[in-house]
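# Reading the structure
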Amino acid sequence: MSSELASAAKAMVAPGKGILAADESTGTANKRFAPLGIPETEEMRRNYRDLLFTVPDFGKFFSGVILYDETIHQNGRSGKSFVDILHADGSFPGIKLDTGTFPLALAKPDEKITEGLDGLAKRVEAYVKLGAKFAKWRAVITIDEKTGIPTDACLHANAHALARYAAICQAGGLVPIVEPEVLSDGNAAQSIETSFAVHERTLHHVFNELHRLNVKYEEMILKPSMVVPGQKSGQTASINEVAQATLTVLLRYVPAAVAGIAFLSGGQGDEDATAHLNEINLLAQKAKAPWPLTFSYGRALQHAALTIWKGQDANAAAAHKAMHHRALMNSLASLGKWSADVESGGLVLSH
Ligand code: 13P
């Protein structure tokens, strides 16, 4: 099927390109600034996003950037709007449309629902006028085997909200990124086997609802979590085990027509997120997987640069270098061309 949205979705997962998640809400951005002593102000959030979006070769690595409402209205330090800066680099501006997660009423403790559907068609219209080309909505699924979550009720409610959002986006002219995140950070204690089973249930619910609400798979991007053990599980899984589990669940539950898959990093270490993506791509090439598999990381792309920058202009060049390196490493991983040697600089491989 060819349509403007299908072409845009394809461009978002073009070979070697990924999507930068820079849509931290004001609260989350401030939380990341605080330990580094960076003032929690609108100006510093603007300066930080300016730092990220002016990394050399930006458009070579990033087909798009997910923005938060504050950022999509801001100008960079050059005086040009961020939307224009990204367009000039050949990178699509995108917008986070959900308004956060809240307790799911009458469900078990820790089960959440994502809000933001009221008035969404009007908000989509306004963001399209501002220049947005795509959007994101994140649902979070928490696993706790002691309390028996996630329940089917929670999976269904979140899948339904994702499908409502995706349909409204497509009707209004935005490519929806559909993000069902099975949490593995914080207190997550599940084994990789349990994570696999919950990913199966989650993706089954999500594609059921997307189908029911007539969402066009060719005009959407799936942003899933990888199948990893919970950070508090005490279990370690090899790079290959994670890649095998992740690709298997995607091959079982994601229709071939989906334009592409762009993973979140979900609290993985920077290099782990790259190594996993690379291995997934190597296996996907062998399995002749039907979709491109790339990155849409937030923390795993930004962490090094933010830690070096610390809000100081004097550190900008070093922060750019760190961000450029991570962007290049993930770009290579999205092609199955990354290695530990390339990572450490032992093997110089340009994009
Ligand atoms: P992380 O890569 O830090 O998980 O963020 C991606 C994202 O967009 C979360 O919604």
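Coordinates for the structure precede this section.
Report on the accompanying structure. (Residues numbered from 1 in each chain as written. Predicted model: local features only at pLDDT ≥ 70, side-chain atom pairs only at ≥ 80, totals over all residues. Heavy atoms only, no water.)

A word on the pairing of strand 2 (residues 62-67). Of all the 6 residues making up strand 2, 6 are buried; the element is thus mostly covered by neighbouring parts of the structure. As paired elements, strand 1 (residues 18-22) and strand 2 share 5 bridges and run parallel to each other. Counterpart to alanine 22 in the pairing with strand 2 is leucine 67. By the bridge criterion, 4 bridges tie strand 2 to strand 3 (residues 92-96) in an arrangement that is parallel. Within strand 3, the residue paired with leucine 67 across the bridge is isoleucine 95. (Buried < 20%, exposed > 50% of the residue type's maximum accessible area, 1.4 Å probe, protein only. Helix = DSSP H or I, 4+ residues; strand = E, 2+ residues; numbered from the N terminus. Pairing = 2+ DSSP bridges.)

It is the contact of helix 2 (residues 26-33) with helix 3 (residues 42-53), at a shortest axis distance of 11 Å, that shows an interaxial angle of 80°. Between helix 2 and helix 3, the crossing angle belongs to the class labelled roughly perpendicular. Judged by residue contacts, Thr26, Ala29, Asn30 and Phe33 of helix 2 engage Met44, Arg45, Tyr48 and Arg49 from helix 3. Residue composition of the contact of helix 2 with helix 3, grouped by class: 4 nonpolar, 2 polar and 2 charged. (Axes fitted to C-alpha atoms, helices over the stretch in contact; angles between N-to-C directions. Parallel < 35°, antiparallel > 145°, perpendicular 65-115°, else oblique. Contact = heavy atoms within 4.5 Å. Nonpolar A, V, L, I, M, F, W, Y, C, P; charged D, E, K, R; others polar.)

Within this structure, the stated rule accounts for 2 cavities of 30 Å³ or more. Volume-wise, the largest cavity comes out at about 60 Å³. Lining the largest cavity, in full, are Glu181, Val182, Leu183, Ser184, Ser225, Met226, Val228, Leu264, Ser265, Gly266 and Gln268. Every residue lining the second largest cavity is listed: Ala139, Ile141, Leu155, Asn158, Ala159, Leu162, Pro180, Thr202, His205 and Val206. Mapped by element, the contributors of at least two residues to the lining of the second largest cavity are strand 6 (134-141), helix 8 (152-172) and helix 9 (192-212). For the lining of the second largest cavity, the class distribution of residues is 7 nonpolar, 3 polar and no charged. (1 Å grid on protein atoms, 1.4 Å probe; cavity = no way out; pocket = protein on both sides within 12 Å on 5 of 7 lines; lining within 4 Å. Points joined across faces, edges and corners; volume = space filled by probe spheres on them.)

The environment of the ligand is made up of Ala21, Lys136, Arg138, Glu179, Lys223, Leu264, Ser265, Gly266, Ser296, Tyr297, Gly298 and Arg299. In this structure, an oxygen atom belonging to the ligand sits 2.7 Å away from a side-chain N or O atom of arginine 299. Considering the ligand on its own, with 300 Å² of exposed area, one finds that the protein chains cover 92% of that surface. More than half of the atoms of the ligand fall within 2 Å of the grid points belonging to the largest pocket. Its residues assigned to classes, the shell around the ligand shows 3 nonpolar, 4 polar and 5 charged. (Near = heavy atom within 4 Å. Polar contact = N/O pair within 3.5 Å; in protein donor to acceptor, adjacent residues only side chain to side chain. Areas by Shrake-Rupley, 256 points an atom, 1.4 Å probe, with all protein chains shown as cover. Sits in = over half its atoms within 2 Å of the grid points.)

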